[in-house]
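# Structural overview
Each chain is listed here by its residues.
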Amino acid sequence: MTLAGRLFATTSLVAAVAVTGMVVAANRLLRPSFEDTVARDLEHEGLLVARLLPADSLRWPDLARELGARTSHRITLIDAKGVVRGDTEFDRAALAELENHLLRPEVQQALKDGVGRSGRVSASTNERRIYVAVRGGPPGLAVVRVSTTLAVVDAQVAGVQRAVALAGVAMVLVAASAAAVLAWRASRAVTMPLIALDDAARAIADGRAATFPDTGVPELARHVAALRTMHEQIDQRYAGLVREREETTTLIDTMADGVVAADARGTIVMLNRAARRLLGYGPTGPFPALAELFHEKAARELVAAVLAGREAEPREVERGGRTLLVTGRALPNGGALLVIHDATELRRLEAVRRDFVANVSHELKTPLTSIAGYAETLAAETDAGSQTERFARTILNNARRMQRLVDDLLDLSRIESGRWQPRVARVDVGGIAGETWAAFADRARERRVEFAAAASNGRHVSADPEALREALTNLFDNALRHTAPGGRITVAVEPAPGGEGATVTVSDNGTGIAAEHLPRIFERFYRADPGRSRADGGTGLGLAIVKHLVEAHGGHVEARSQLGQGTTIRMFFPTAEVAA
């Protein structure tokens, strides 16, 4: 709709609403006033009739008809029981057939307050009437009621409403003429600048140079200034975004790690030079969609999980003689981002480190065995309590501690290197736990620590029996060293959610571990309380061995703990084929 049409429609609508409001107001404001005037007149007539009525009740029916005919109003005479003793519209014989009027609202109000008033549709004439009742009259009479039709009031109100409506129509015609003139002037002062503003906005949206109009209308001038300022700010921000994007692209392209970004459909939108090199694509060669970028099963599973919006653990893949660590994350727009790290050198150094630790540990076993043997012989052959005996005991204790450390290092190196593979069997957790605890029973009795294996016979897991025994040994040793006298250590087993394995839980109510230490307790040589662990003879490798043993089965381990409330270690073993 054009501006002129909108102005005309708006003005006409406003005028029509105003006229309608005036017509409604006339009815709402004038009608109560007119009805009050009629009611006061009827009240005066009722009081006059009550005074003029004679004491002879036999004359009341005739007088009610006679007075009603003279006043053109209906007069009804009612006694205290509600019986009609006279009525303008009924003769003496018909009075007995009239219903009792005691419950009429105006009669009730008159008996209570002296005067009653009510308006309703008459049952006999089917027209709106007003009834006014006054208390009084000769003895035997209680109420005189006078009523009249409201047709006169309706006619008066209708006349006022017609006059208001005619005035409104005239106002609408005047407003329409004024709107036409205003629209013609507005089309010159407003429409042309608005059209120019529309063209400027379209030019800004299309990235073209925008031309802004000049106008003398203050409101439009403010809009023009705001649009011009917005255009300048958009240009500045766009230039900044372009610069930041170029910097980000350059930064990503020079990264040593490969970066691959794909949209929600899996189409690769960015592949930096490192990713091309690591994945074996040339600097400008074509590349497939993200789902076809890898042939390795582990990497394809990671890509599928990320494209589906799920979390995925980093995966290692072998590509062109290199070990690549691939991590992925879903993007907010439904796409995916992969980061490819060349872990070849890291894995080589880890292998060197494992070999070094294994060789050193192996070489230390023989001299440590000799030291421990000689120290034990010296301690046994010297007098008890002598200085020589104390020195020999100190040498023996430290030699044995070093032997435990060497044994743990050799076990950990053997597991990490892959030279050890679990021989999975169906293992009774309760039986293994009981056998393992037997080695700690004396220590637990001295410390007054109770042990309970909640796993009953028939609760099994798919695991290497020796590996499970070694894991429980390390967990029992840790729990016993950190549980105060009177404490309790519990072993339980329960099916994993979904029935795809079982979880073995070792819990204690000991000192617990602070939250900041929990993420690192499965690292080798990490101690939450270094001083106490060394004093108790811990090597710092027990939980690391547990972690690697469980992961060798394809499972995982987690810890939950709070200071002063104990620690719970949960080992998940997946269901596997049992060796024959």
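Preceding this paragraph is the structure being described.
Attention in this report is confined to the structure presented alongside it. In this numbering scheme, every chain counts its residues from 1 along its sequence in written order. In keeping with the model being predicted, local features are shown solely for residues with a pLDDT of at least 70 and side-chain atom pairs are shown and tallied solely at 80 or more, while totals for entire chains, interfaces and linings include all residues. Think of the side-chain values as coming from all heavy atoms in the structure, minus any hydrogens and water.

Secondary structure is summarised from DSSP: a helix means a run of H or I of at least four residues, a strand means a run of E of at least two, and numbering begins at the N terminus for each. A count of helices and strands for the protein chain gives 14 helices and 17 strands. Per-residue accessibility, obtained with a 1.4 Å probe over protein chains only, is compared with the maximum for each type, and a residue is labelled buried under 20%, exposed over 50%, and partly exposed between these values. Residues classed as buried in the protein chain amount to 37% of the 580 residues present. Working rule for contacts: check all heavy atoms of both residues, and any pair within 4.5 Å makes them a contact. Contacts in the protein chain between residues far apart in sequence, at least 24 positions, make up 57% of those at least 6 positions apart.

Note on terminology: a nonpolar core comprises buried Ala, Val, Leu, Ile, Met, Phe, Trp, Tyr and Cys residues joined through side-chain atoms within 4.5 Å. Membership of the largest hydrophobic core comes to 39 residues, with the highest contact counts inside it found for V461, L468, L472, F476, I489, V504 and M571. If you list the elements that add at least two residues to this core, you get helix 10 (429-437), strand 13 (460-463), helix 12 (465-481), strand 14 (488-495), strand 15 (501-508), helix 14 (542-552) and strand 17 (566-574). For this core, the leading source of residues is helix 12, giving eight residues. The contact partners of F476, leaving out residues within four places of it in the chain, are A433, T436, W437, F440, F451, I489, V491 and V506. A275, V317, A336 and L338 belong to the second largest nonpolar core, which has 22 residues in total.

The next subject is the sheet that holds strand 4 (residues 128-135). Being paired, for any two strands, means DSSP has found at least two bridges between them. With respect to topology, five strands assemble into an open sheet ordered 2-1-5-4-3, the strand pairing being antiparallel. Edge positions in the sheet fall to strand 2 (84-87) and strand 3 (115-121), since each of these pairs with one other strand and no more. Between one strand axis and the next, the sheet turns through 20 degrees on average, direction left out of account. Along the sheet face, helix 3 (residues 105-113) touches strand 1 (74-78), strand 3, strand 4 and strand 5 (143-149) and points at about 170 degrees away from the line of strand 3. Here an angle of 0 to 180 degrees is reported between the N-to-C directions of two axes, which are lines fitted to C-alpha atoms, with helices fitted over the stretch in contact.

Turning our attention to the side chain of T148. Looking at the element boundaries, T148 is found in strand 5. Residue T148 is classed as buried on the basis of its relative accessible area of 11%. If sequence neighbours within four positions are ignored, T148 has contacts with V38, L42, H73, R129 and I130.

What follows is about the packing of aromatic side chains. Pairs were defined over the aromatic rings of Phe, Tyr and Trp, the Trp ring being its six-membered one, requiring ring centres within 6.5 Å. Orientation was assigned from the angle between planes: stacked under 30 degrees, edge-to-face over 60, tilted for the rest. Applying the stated criterion across every chain, the model contains five aromatic pairs. Pairing W437 with F451 gives two aromatic rings, centres 4.4 Å apart and planes at 10 degrees, and the pair type is stacked. One end of the pair, W437, is in helix 10; the other, F451, is in strand 12 (residues 450-453), and 14 residues separate them in sequence. Taken together, the aromatic side chains of W437, F440, F451 and F476 make up a single cluster linked through ring pairs.

Here we come to the environment of G487. Here G487 is to be found in the loop between helix 12 and strand 14. Residue classification places G487 among the buried positions, given a relative accessible area of 6%. Considering only alpha carbons, one finds G487 and V449, 38 residues apart in sequence, at a separation of 4.9 Å. Leaving out residues up to four positions away in the same chain, G487 has contacts with R448, V449, E450 and N509.

On to the sheet that holds strand 12. Judged by pairing direction, the sheet is mixed, and its five strands sit side by side in the order 12-14-15-17-16 without closing on themselves. Unpaired on one side and paired on the other, strand 12 and strand 16 (556-562) mark the two borders of the sheet. Averaged over all adjacent pairs, the angle separating strand axes in this sheet is 15 degrees, with direction ignored. Of the strands in this sheet, strand 12, strand 14 and strand 15 are in contact with helix 10, which crosses strand 14 at around 160 degrees. Docked against the sheet, helix 12 engages strand 12, strand 14, strand 15 and strand 17, running at close to 170 degrees with respect to strand 17.

The values are spatial; any link to function lies outside them.
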